[in-house]
Amino acid sequence: MKRLSFGRYLLPVYAALAFLYLLTPIAYTFAFSFNDAGRSNLVWRGFTFTNWQNPCGAPAVCESVVNSLQIGVLATVISTVLGTMIAIALVRYRFRLRAGANLLLFLPMATPEVVLGAALLAQFLNLRVNPGFATIVIAHVMFCISFVVVTVKARVASLDPRLEEAAADLYASPRAAFWRVTFPLLLPGIAAAALLAFSLSFDDFIITNFNSGNTDTFPKFVYVSATRGIPAQANVMGSAMFLIALIIVVTGQVLAARRRRAAAT
Amino acid sequence: MTAALVVGHGTEVAGARRRSRTAWLLLAPGLLYLFVFFVAPVAVLLLTSLFERVPGGPVGATRPAFAVSNYVDAVVAYAPQFGRSFLYAFIATVLALAIGYPLAYVIGVRCRTRPLLQGVLLVLVIAPFFTSFILRTIAWKQILADDSVVVSVLKTVSLLPDDARLTATPVAVVAGLTYNFLPFMTLPVYASLERLDLRLVEAGGDLYATPISTFRHVTLPLTMPGIVSGSLLTFIPAAGDYVNSALLGNAGTSMVGNVIDSRFFRVVDYPTAAALSVILMAAVLLLVAWYVRRSGTEDLL
């Protein structure tokens, strides 16, 4: 009886406390996006919708968000294409130096960001390249590739190779078999990888800070302005991103649940 | 395959060669990219770490040399920061596991019969990813600030001495690190708990094992891969982090990341920054290799 109550109540209460820990700063950020803040958003000065109605009221916030979105999209597209190609090769083909390729993909994930950032900056300084928008994209693609490979690889490995063989038996050329059979089956994995790459890129600060020169991304803008006061519009942007992502994920969940139910009946 | 058998050995070898050429066509662009923007930069970093400063030259001027003394100097001068980096990252990893494992267990095992609740809770774990982690860390800084509601309430009920503070302490830095990387711990652990076959746990009970020993001998070994990747995803970034220390700590909590950052940008001392980076990378890689080997999950990737 004692064991039952332990499992029944203690664990959910513990989980609820963990969620409180996870979500408190988000609630705080959200609440202070409605603060009638003025210059520094430190003290509660009253409720207002102005910040949400005028998210570009602090122009630097909007500029940095636009930069982050552009960098995120570019880095996601490039790293998803490169990473997907590698993932397919790793699972489907035998080739020499396989262990070497695996090591080369593992190392960027096992290296602290500050080292990756410092190394790239040393390289750019060495080549006399001025850090800016392009170098941020280059850096983001570099650290996203490995994560794309890991995500897509899991999907490729779970594919039934007999499906491709069936396509070949039905006289599909290898190219047609890939684009009509393999690729559509890989799409959910590729989409998950792209989502991961985008969120890694959009939220990256440390590597970006090393390789950004005068270009501001959203995290960098927030960090730099932390000392002199963050405009409430930054909270609006953070909260809006949160809501948009939440809507996307929840919609996906609901659709998946509906499909499961349809498949079950 | 049948065709190859009929036509004979020669075509099969040609086919294998063609297949391996396709493999390299797929691999080449990505691996080349990593060579140019990961391997080469690390090599440059290694070289830079051996450069020496030009005596009497302008700020930041260096020249090629083989100054191994950079490493000795860096270790001697910044041993406390190294110690803190690894200590804080280790404590944060243990705490994240202590918080994340039960959390993942509730979502992955207890909520199995209720998929909708499971989905919602999972979204709540991923949720922090979508608000910038810098914004969230600054939110903590303001929530725990000296004049904040939390601190004044704690002081009124005498849980906190009148002169105590929560920010600018090592505790705040470790709590911040734990907070920031908690989802990275929870998600891989959840992934392995979600696949856990509950019949094995029941079998443990049927064989008169206590819940604790069932957990130790059945559940824990089966979820080891999740624990290993979760702790790597927490420890590696935490060891190199400087944001939490910069925002939630003070001069006495500075970690290697803070030193590398300031050597690069404020002091413009590239050789020392590079030497510190190389040491950090080597130390983390050694620890990771040892940990992966010890826990017997080499096929993690």
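Numbering of residues begins from 1 in every chain and follows the order in which that chain's sequence is written. Chains and ligands are labelled sequentially in the order written, the chains with letters from A and the ligands with numbers from 1. This being a predicted model, a pLDDT of at least 70 is required before a residue's local features are given, and a value of 80 or more before pairs of side-chain atoms are given or counted; all residues contribute to the totals for chains, interfaces and linings. Each side-chain value is derived from all of the structure's non-hydrogen atoms; neither hydrogens nor water enter the calculation.

### Here's the deal with the pattern of salt bridges
Residue and element names in this part refer to chain B.
Point 1. For this document, the term salt bridge refers to a Lys or Arg side-chain nitrogen within 4 Å of an Asp or Glu carboxyl oxygen. Across all of its chains, the model carries 9 salt bridges over all chains by this definition.
Point 2. Linking aspartate 146 and arginine 165 is a salt bridge whose minimum nitrogen-to-oxygen distance equals 2.9 Å. Pair noted here: aspartate 146 is in the loop between helix 5 (133-143) and helix 6 (149-156) and arginine 165 is in the loop between helix 6 and helix 7 (170-194), with a separation of 19 residues, a long-range link.
Point 3. With relative accessibility at 43%, the residue arginine 165 sits in the partly exposed group.
Point 4. The residue arginine 266 makes a salt bridge to aspartate 261 at a minimum N-O spacing of 3.8 Å.
Point 5. Classification of arginine 266 by relative accessible area gives exposed; the value is 67%. By the criteria applied, helices consist of DSSP H or I runs no shorter than four residues and strands consist of E runs no shorter than two, each listed in order from the N terminus. With a 1.4 Å probe rolled over the protein chains alone, any residue whose accessible area is under 20% of its type maximum counts as buried; one over 50% counts as exposed, and the rest are partly exposed.

### Details of the state of the cysteines
By definition, a disulfide is the covalent link that joins the sulfur atoms of two cysteine residues.
All names here are of chain A.
Point 1. Two cysteine sulfurs form what is called a disulfide whenever their separation falls within 2.5 Å. Scanning all chains against the criterion turns up 1 disulfide over all chains.
Point 2. A sulfur-sulfur distance of 1.8 Å marks the disulfide that ties cysteine 56 to cysteine 62. Between cysteine 56 and cysteine 62 the sulfur-sulfur dihedral comes to about -80°; the bridge is accordingly left-handed.
Point 3. The partly exposed category is assigned to cysteine 56, whose relative accessible area is 42%.
Point 4. For cysteine 62, a relative accessible area of 13% translates into the label buried.

### Description of the packing of helix 3 (residues 69-110) of chain B against helix 7 of chain B
All names here are of chain B.
Point 1. Working convention: axes come from line fits to C-alpha atoms, limited for helices to the stretch in contact. Angles between N-to-C directions cover 0 to 180 degrees. Orientation of helix 3 relative to helix 7, taken along the N-to-C sense of each, is 40°, at an axis distance of 6 Å. When the interaxial angle is binned, helix 3 and helix 7 end up oblique. The interaxial crossing formed by helix 3 with helix 7 has right-handed handedness.
Point 2. A per-class count over the contact of helix 3 with helix 7 returns 22 nonpolar, 5 polar and 1 charged. Orientation is classified from the angle alone, with under 35 degrees giving roughly parallel, over 145 giving roughly antiparallel, 65 to 115 giving roughly perpendicular, and any other angle giving oblique. In this scheme the crossing of two helices becomes right-handed for a clockwise turn of the near helix relative to the far one and left-handed for an anticlockwise turn of less than a right angle. Side-chain classes are defined by residue name, with Ala, Val, Leu, Ile, Met, Phe, Trp, Tyr, Cys and Pro counting as nonpolar, Asp, Glu, Lys and Arg as charged, and the others, Gly among them, as polar.

### Focus: helix 5 (residues 113-126) of chain A
Note on helix geometry: an α-helix contains 3.6 residues per turn, so any two residues three or four positions apart are oriented the same way.
Residues and elements named next belong to chain A.
Point 1. In a regular helix each residue adds 1.5 Å, so 14 residues correspond to 20 Å; helix 5 covers 20 Å between its end C-alpha atoms and thus fits that length.
Point 2. Of all the 14 residues making up helix 5, 11 are buried; the element is thus mostly covered by neighbouring parts of the structure.
Point 3. Every buried residue of helix 5 is accounted for by Val114, Val115, Leu116, Gly117, Ala118, Ala119, Leu120, Leu121, Ala122, Gln123 and Phe124.
Point 4. Two residues or fewer after helix 5 comes arginine 128, characterised by a positive phi angle close to 55°. Take the number of residues in a helix, subtract one, and multiply by 1.5 Å to get its expected span.

### A few points about the packing of aromatic side chains
Point 1. Aromatic rings from Phe, Tyr and Trp, with only the six-membered ring used for Trp, were paired whenever their centres fell within 6.5 Å, and each pair was classed as stacked if the ring planes differed by under 30 degrees, edge-to-face if by over 60, and tilted otherwise. By the definition in use, this model includes 26 aromatic pairs over all chains.
Point 2. Ring geometry for tyrosine 101 of chain B against phenylalanine 215 of chain B: centres 5.8 Å apart, planes inclined by 85°, an arrangement best described as edge-to-face. Separated by 114 residues along the polypeptide, tyrosine 101 of chain B in helix 3 and phenylalanine 215 of chain B in helix 9 (residues 211-222) bring together distant segments of the chain.
Point 3. Members of the aromatic cluster, connected to one another through ring pairs, are Phe30, Phe34, Phe47, Phe49 and Trp52 of chain A.

### Considering unusual backbone geometry
Residues and elements named next belong to chain B.
Point 1. Look at alanine 168: it is not a glycine, yet its phi comes out positive at around 60°.
Point 2. Within the fold, alanine 168 resides in the loop between helix 6 and helix 7.
Point 3. A positive phi angle, near 50°, is found at valine 268, a position not held by glycine.
Point 4. Mapped onto the fold, valine 268 is located in the loop between helix 12 (256-265) and helix 13 (270-294).

### What to know about the interface of chain B and chain A
Point 1. A contact between two residues is defined here by any heavy atoms of the two lying within 4.5 Å. Each partner contributes to the interface: chain B provides 80 residues, whereas chain A provides 81 residues.
Point 2. Once two parts are joined, some of their accessible surface, as seen by a 1.4 Å probe, is lost; buried area is that loss totalled over both. Summing both sides of the interface, chain B and chain A together bury roughly 7,200 Å²; the carbon and sulfur share of this comes to 81%.
Point 3. Where chain B touches chain A, the interface holds 0 salt bridges.
Point 4. As used in this structure description, the phrase polar contact means that two N or O atoms lie within 3.5 Å; if the pair is within protein, one of them must be able to donate a hydrogen and the other to accept it, and residues adjacent in sequence are counted only when both atoms belong to side chains. Joining chain B to chain A, the criterion identifies 9 residue pairs in polar contact (both at pLDDT 80 or more).
Point 5. The element contributing the most residues to the side of chain B that touches chain A is helix 2 (residues 9-48) of chain B, with 24 residues.
Point 6. Looking at the side of chain B that touches chain A residue by residue, the classes come out as 63 nonpolar, 12 polar and 5 charged.

### Let's talk about the nonpolar core
Point 1. Within this scheme, the nonpolar core is defined by two criteria: the residues are buried Ala, Val, Leu, Ile, Met, Phe, Trp, Tyr or Cys, and they are joined through side-chain atoms within 4.5 Å. Residues Met142, Ile145, Phe210 and Val222 of chain A together with Ile260 and Leu280 of chain B are the most contacted members of the largest nonpolar core, which totals 110 residues.
Point 2. At 12 residues, helix 6 (residues 133-157) of chain A tops the list of elements feeding residues into this core.
Point 3. In terms of nonpolar packing, the next biggest core, distinct from the first, is built from 40 residues, Phe242 of chain A together with Trp140, Leu196 and Ile227 of chain B among them.

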